[in-house]
Amino acid sequence: MPYPNFITAFPSIDVPFPKDVVQTAVVRSDAGLVAFFTFLKDMELPAHSHGAQWGTVIEGEIEFTIGGETRIYGVGDSYTIPSGVEHGARIKAGTRVIDVFEEADRYAVID
């Protein structure tokens, strides 16, 4: 199920992936950033690290490697990535996730 129009109308963020691969909508505060991601094509997210992150899969599937441990996350599954822990993923087309970042400036807000 797509996100409702009021969510897709939120500003987007500047991510290092083409818009035909991933779409974003965000809510930002001084305390953090909440991002609604829609993956339009299969995608490989290279290993990286940053501040703490929590997320949940709304639709689709992600094969996440967090701190060297690989697990498949499906609809309703949540994940926590502690600050500084390396992680990467293989994300299937059609996947939707909500991610919450402790860093309010993790990504630049655009639009």
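Up top is the structure.
Not measured: the values here are computed from a predicted model.

This part is about the overall build of the protein chain. A tally of helices and strands in the protein chain yields one helix and 11 strands. Relative to the compact-globule value of 13 Å for 111 residues, the protein chain shows a C-alpha radius of gyration of 13 Å, a close match. For the C-alpha atoms alone, the extent of the protein chain along its principal axes is close to 35 × 30 × 25 Å. Counting only residues that meet the buried cut, the protein chain has 40% of its 111 residues in that class. A total of about 6,100 Å² of accessible surface is found on the protein chain, and carbon and sulfur atoms cover 54% of it. Distance from the positive charge centre (8 side chains) to the negative charge centre (16 side chains) of the protein chain: 5 Å.

What follows deals with the packing of aromatic side chains. Tallying each qualifying case throughout the model produces eight aromatic pairs. Ring geometry for Phe6 and Phe10: centres 6.1 Å apart, planes at 80°, overall edge-to-face. Among the residues examined, Phe6 registers a relative accessible area of 57% and is labelled exposed. Among the aromatic residues, those joined into a ring-pair cluster are Tyr3, Phe6, Phe10 and Phe36.

Time to look at the side chain of Thr56. With respect to the helices and strands, Thr56 occurs in strand S5 (residues 53–59). Polar contacts involving the side chain of Thr56 include one to the side chain of Ser78, which spans 3.2 Å. Apart from the residues within four sequence positions on either side, Thr56 is in contact with Gly76, Asp77, Ser78, Tyr79, Arg96, Val97 and Ile98.

It is worth spelling out the sheet that holds strand S3 (residues 32–39) at this point. On the basis of which strands lie adjacent, the open sheet formed by five strands has the order S2-S3-S10-S5-S8 and antiparallel pairing. One side of each edge strand has no neighbouring strand; the edge strands of this open sheet are strand S2 (22–29) and strand S8 (78–81). Here the strands of the sheet are splayed against their neighbours by 15° on average, with no regard to which way each runs. Pairing analysis gives eight bridges linking S2 to S3, with the strands arranged antiparallel. Within S3, the position partnered with Ala25 by the bridge is Phe36.

With that out of the way, let us pick up the nonpolar core. Grouped together as the largest cluster of nonpolar side chains are 23 residues, with contacts concentrated most on Ile13, Phe37, Phe39, Ile62, Phe64, Tyr79 and Val97. Top contributing element to this core by residue count: S3, with four residues. Those residues in contact with Phe39 that sit more than four places away from it in its chain are Val21, Val22, Ile91, Lys92, Ala93, Gly94, Thr95 and Val97. Grouped together as the second largest cluster of nonpolar side chains are five residues, Tyr3, Ala25, Phe36 and Ile98 included.

This part covers the pattern of salt bridges. Across all of its chains, the model carries five salt bridges by this definition. Note that Asp30 is salt-bridged to Arg28, the shortest N-O span being 3.9 Å.

The rules behind the values
By convention here, each chain's residues receive numbers from 1 onward along its written sequence. The predicted nature of this model means local features are confined to residues of pLDDT at least 70 and side-chain atom pairs, given and counted, to a pLDDT of 80 or more, with totals for whole chains, interfaces and linings taken over all residues. To obtain the side-chain values, all non-hydrogen atoms of the structure were included, while hydrogens and water were left out. Helix and strand definitions here come from DSSP, where helices need a minimum of 4 consecutive H or I residues and strands a minimum of 2 consecutive E residues; each element is numbered from the N-terminal end. Here the radius of gyration uses the C-alpha set of atoms, whereas the globule reference equals 2.2 Å times the residue count to the power 0.38. Burial classification: accessible surface area is computed with a 1.4 Å probe over protein chains only, and a residue below 20% of its type maximum counts as buried, one above 50% as exposed, and the rest as partly exposed. Accessible surface area values rest on a Shrake-Rupley calculation with a 1.4 Å probe, where residue burial reflects the displayed protein chains alone. The positive count covers Lys and Arg only, the negative count covers Asp and Glu only, and His and the chain ends enter neither. All charge positions are set by atom: Lys at NZ, Arg at CZ, Asp at CG, Glu at CD. In summary, the pairing rule links any two rings of Phe, Tyr or Trp, Trp by its six-membered ring, whose centres are within 6.5 Å, and it sorts them by plane angle into stacked for under 30 degrees, edge-to-face for over 60 and tilted for everything else. Distance and chemistry together define a polar contact, namely a pair of N or O atoms within 3.5 Å, with one atom able to donate a hydrogen and the other to accept it when in protein, and with adjacent residues in sequence counting only for side-chain atoms on both sides. Note on contacts: a residue pair qualifies if any of its non-hydrogen atoms lie within 4.5 Å across the two residues. Here the rule is simple: two strands pair whenever DSSP picks up at least two bridges between them. For helices, the fitted line uses only the C-alpha atoms of the stretch in contact; every axis is such a line through C-alpha atoms, and the angle between N-to-C directions lies from 0 to 180 degrees. We call a set of buried residues a nonpolar core when its members are Ala, Val, Leu, Ile, Met, Phe, Trp, Tyr or Cys and they connect through side-chain atoms within 4.5 Å of each other. Each salt bridge in this description consists of a side-chain nitrogen of Lys or Arg and a carboxyl oxygen of Asp or Glu lying within 4 Å of one another.

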